[in-house]
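Geometric and topological summary
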Amino acid sequence: RGRASGACPYYASRSAVRPAQLVTLPYTSLVHKGTREALGVSLKGNIVVIDEAHNLIEAINNVHSATLTESAAAMLTSLFADYLERFGTRLSPKNASQLKQVLVLIKALPGFIA
């Protein structure tokens, strides 16, 4: 529908943020600096009203967290080991050492996954 009319609601709403007197947005957009900047939302000199603030801590945790499964950690271990085996001789000693350190870290991850 937006393509047919030559308009995009997403970009239209982004351009409307600056002159707006009231902007509503999800917690994740509010607490993540990069998202705020991409949307053109500045907190400086503005009043922020948070509805249902009891959910705010969870939103902050979700924005700054990642989920890593045991199978993904195993796959990372395999991919890094294969990469080092295949390209290790082409790497500088410093880069090879850094990749080996990353591999040690990745191998340790399953011990931290609950």
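Up top is the structure these notes are about.
Right, let's walk through the structure included here. (Residues numbered from 1 in each chain as written. Predicted model: local features only at pLDDT ≥ 70, side-chain atom pairs only at ≥ 80, totals over all residues. Heavy atoms only, no water.)

1. Concerning the overall build of the chain
A tally of regular secondary structure across the chain gives 7 helices and 0 strands. Listing each helix as α and each strand as β along the chain from the N terminus yields α-α-α-α-α-α-α. For the chain, whose C-alpha radius of gyration is 22 Å, the value lies well above the compact-globule estimate of 13 Å for 114 residues. With 114 residues in all, the chain has 14% of them scored as buried. Relative to all contacts within the chain whose residues are 6 or more apart in sequence, the contacts with residues 24 or more apart total 53%. (Helix = DSSP H or I, 4+ residues; strand = E, 2+ residues; numbered from the N terminus. Rg over C-alpha atoms; globule rule 2.2 N^0.38 Å. Buried < 20%, exposed > 50% of the residue type's maximum accessible area, 1.4 Å probe, protein only. Contact = heavy atoms within 4.5 Å.)

2. Regarding helix α6 (residues 70-87)
Compared with an ideal rise of 1.5 Å per residue, which puts 18 residues at 26 Å, α6 spans 26 Å between its outermost C-alpha atoms and is within 8% of the ideal. Listed as buried for α6 are A73, T77 and L84. The arc enclosing the buried residues of α6, seen along the axis, measures out at 45 degrees, which places them on a common side. In α6, the exposed residues that point more than 90 degrees away from the buried face are S71, M75, L79 and R86. Of the surrounding secondary structure, the elements contacted by the buried residues of α6 are α7 (93-108). (Expected span 1.5 Å × (residues − 1). Arc of directions from axis to C-beta.)

3. Considering the packing of aromatic side chains
What the rule picks out here adds up to 1 aromatic pair. Both rings, one in Y83 and one in F87, keep their centres 5.0 Å apart while their planes meet at 45 degrees; by these two values the pair is tilted. Within this pair, Y83 and its partner F87 are both found in helix α6, separated by 4 residues, close to a single helical turn. (Phe/Tyr/Trp six-rings, centres within 6.5 Å; stacked < 30°, edge-to-face > 60°.)

Functional significance is not addressed by these values, which are geometric in nature.
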